[in-house]
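Examining the three-dimensional arrangement
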Amino acid sequence: MTAPPLPRPSRTVRPLRRPRRRARAGLLAVALAVGGTTLPLGASTASAALKTGYSASGSTLTVNVWADRAADSRGYSVEIDRATLRLTTKRLGKVVLQSADAASAATAAPSFDFRPTGSSGWVSATSVRSASWDGRALSVVANTSNPVYSLLLTLTPAQDRYALTAAVQGTGATQLAAHYDMNASGHWYGHGEASTPNNGPYTDQPWPLDSGTVLDEAFGPAAYEMTEPFWFTSKASGLFIDTTSTMTVSLGEAKDNVAGFAVTDGQPLRQTVFVEETPKQVYADYQEIAGTPQKSDAPDYQYQSTVWNSWAQFYTNVTQAGFLDWARQLHATGIPAHTFSLDDGWMSKYGDFTFNAKFPDPKAMVDEVHAMGYNFGLWVTLWLNNDSQNYQVARANGWLLKSASDPSQPCAVRWWNGNAGIVDLANPAARAWYESQLDGLMSSLGVNGFKFDTRFFDLGCAPYTSDLGMEDYQALGAELADKYDLQGMGIRVHWTGNQSRGFVTREIDKGTGWDSLQAGMHQLLALSTVGHPFVTSDMIGGSLGQAPPTKQVLVRWAQAAALTPLMYSSTAPTGVTDWTTGRQVAYDAETVQLYKAAVERHGDLSDYILAQVRRAVGTGEPIMKPLFWEFPEEQATYTLDDQWLLGDSLLAAPVLEQATSRDVYLPEGRWYDPYTGQTLRGERWVRDYPAPLSVTPMFVRERVAETQQLKDALSGLRQGAERR
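Residues numbered from 1 in each chain as written. Predicted model: local features only at pLDDT ≥ 70, side-chain atom pairs only at ≥ 80, totals over all residues. Heavy atoms only, no water.

Bringing helix α3 (residues 320-333) into the picture now. The end-to-end C-alpha distance of α3, which contains 14 residues, comes to 20 Å, matching closely the 20 Å that a straight helix rising 1.5 Å per residue would cover. Within the sequence span of α3, burial applies to Q320, F323, L324, W326, A327, L330 and T333. Looking at the packing, one finds that the buried side of α3 touches β20 (306-309), α2 (311-314), β21 (337-342), α4 (362-371), β22 (375-380) and α10 (589-604). (Helix = DSSP H or I, 4+ residues; strand = E, 2+ residues; numbered from the N terminus. Expected span 1.5 Å × (residues − 1). Buried < 20%, exposed > 50% of the residue type's maximum accessible area, 1.4 Å probe, protein only. Contact = heavy atoms within 4.5 Å.)

For the rest of this paragraph, the subject is the pattern of salt bridges. Think of it this way: side chains of opposite charge can pair up when their charged atoms draw near. Inspection of every chain in the model, using the stated rule, returns 32 salt bridges. The salt bridge involving D453 is made with R506; its shortest N-O contact spans 3.9 Å. In this pair, D453 sits in the loop between β27 (449-452) and β28 (461-462) while R506 sits in strand β29 (residues 505-506), placing the two residues 53 residues apart along the sequence. The same class applies to D453 and to R506, which are both buried. One network of salt bridges, with partners in common, ties together K280, R615, E621, K625, E630 and D648. (Salt bridge = Lys/Arg side-chain N within 4 Å of Asp/Glu carboxyl O.)

Our focus in this paragraph is unusual backbone geometry. For the bond running from G200 to P201, omega is 10°, close enough to zero to count as cis. With respect to the secondary-structure elements, P201 resides in the loop between β13 (188-192) and β14 (214-219). Here W207 and P208 are connected by a cis peptide whose omega angle stands at -5°. Considering the arrangement of structural elements, one finds P208 in the loop between β13 and β14. With phi around 65°, N257 is a residue other than glycine that occupies positive phi space. Tracing the sequence through the fold places N257 in the loop between β17 (247-251) and β18 (258-263). Backbone geometry places E683, a non-glycine residue, at a positive phi of 60°.

Turning to the sheet that holds strand β39 (residues 679-681), a few remarks are in order. Pairing within the open sheet is antiparallel, and its six strands lie in the order β34-β35-β36-β41-β38-β39. Two strands in the sheet have a free side with no partner beyond their single neighbour: β34 (624-625) and β39. Summarising the sheet, strand β35 (residues 644-646) and strand β36 (residues 650-652) pair through three bridges and their orientation is antiparallel. If you follow L645 over to β36, its bridge partner there is L651. (Pairing = 2+ DSSP bridges.)

A word on the packing of helix α9 (residues 551-561) against α10. With their axes 8 Å apart at the nearest point, α9 and α10 run at an angle of 10° to one another. The angle between the axes of α9 and α10 places the two elements in the roughly parallel class. Each of K551, L554, V555, A558, Q559 and A561 in α9 lies in contact with α10, whose residues at this interface are E590, T591, L594, Y595, A598 and H602. Residue classes in the contact of α9 with α10 are distributed as seven nonpolar, three polar and two charged. (Axes fitted to C-alpha atoms, helices over the stretch in contact; angles between N-to-C directions. Parallel < 35°, antiparallel > 145°, perpendicular 65-115°, else oblique. Nonpolar A, V, L, I, M, F, W, Y, C, P; charged D, E, K, R; others polar.)

Structural data, given as structure tokens:
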């Protein structure tokens, strides 16, 4: 639950424009190298025989890498323009990635620039001064817009990638940035949850990213947003930035059509550029770095039905009586579910694990939920508000994160429920104390699991020991959460390497309108394709303190969620209170019927979904994926933002707007319509497919191993259509 967004540190947005005047040229040293590992160029290695070549002729420096897949087939080339330092990456002679060019009207930004320590201005790389090739790496000394400073970059090619590392010399730097021409690479994907001018990631998420703009000035492992420093393109190029510190990322926002990536910790900017044949292969390259899930933290039954969470139904107005009445009503509908989870609103003070007066007998409440056949869960956080008893206990014992500016004091954090400190999980005594609070709720009340809603670190805090970083606190939070049942709601743990933990990933809060439903589905695709296959949307129907969803939004959201790995519910299809007016909003019997049908459909597909879960463990293969994952040659698939594949063989095309029909793109092959029993040929559009509120368009891929399994699972759709 994230009612308002967390306060972000104030940062000055990096100007992406040509300097007003150019100072006398200085020096920029540039070397081109592979993601931390230097391979002998032109020599065989245990993994591959790398053939490279270098030429310096006229206005261009060129490094060629020939692939080992086909004899004498050029894998890719990197060209550097002497006059502008523009880097152009080509595969089979076609541009797949290109840095920005300050002299170009299309981008008007340098390939590299930096802000020297103590300066408000930017120094730009301008042109090549000299170059040398030693058989392993190309070193380039470039002129800059300031003669005082230089920039040392390091580039060595590998079979399907190269790394480009930049380090400022002659001064420190508060920011060091690289810029790319977005248009040169086709469409852009990756990133995770995107902060946008249109209230992203809450009610907006561009898919592809270049269909909107993105600006995140606190992009890093301490952020609440689920983000990853990885991007890939429709031309099968990719970019990984190896950092554990905060970045500023702009995708077309600070400057039209320019992607800007700035590190802000004074460290080198380390990039790995992937050059492949398909986006799926680029994703696999990133997985080699980030890792793949070693398990799914959710047991099988959590993939088979939904979990009910109280947040959107009550917000903090929840009471014991209201919670139980809501649970009883939903139980009576017969909608399949496994858990009822009590969200925010139960604590006596935020940080104290005691119930307030609205819950006179929490044990009886838990017992009744158990008696109905469900598990019971609680919302918890590591934020301890200053007025809580636990804050005083933790402060007295030194169990809170310390302030970075004054380590003698606790770190002061402002979150959506007030002023607080954060339990320092790197302190063994603090962690044991916090876990004892959770264990006490389980042993005394019978609580089965928890919804963790928290940050584990904040930019204003100091780590327990100086050798720890923000990414270490992500790992500590993951280790804590892994001890408990997360009840299908998962935990928000991100950044390169945490993919291996296999948590369910719960996306950030959404609003209650069509825009939020669309943003939610786009976001699931974004999270799935940066290494988090076990995704669930925000609670069906949204929240964010807005008026309840309409019947149409609620039903369509449930139908869309049924075609994702997991389902997560709150707003009851029987009715809900509009917290903005205090009035009761009643839904009709059809709403209940269609909501129930969607959850049952998800259950019908659960064997198929669980097969995808098992495949994802160890391979990292997304369960929910864009159509271009399997059909990369079909250009229409790269801009589809309302269709996806569930596994490889079920095409989902739910209705995500106020409509009773829609156009559906069917890729190559033959596709079975479970509503009509017809098989349609692919590589074409089906226009105006009928989709009344009771219909969720979907198609089964014919002539694959899973075809019959899916036809059997969806056989009820045709029977229902015949009855209608």
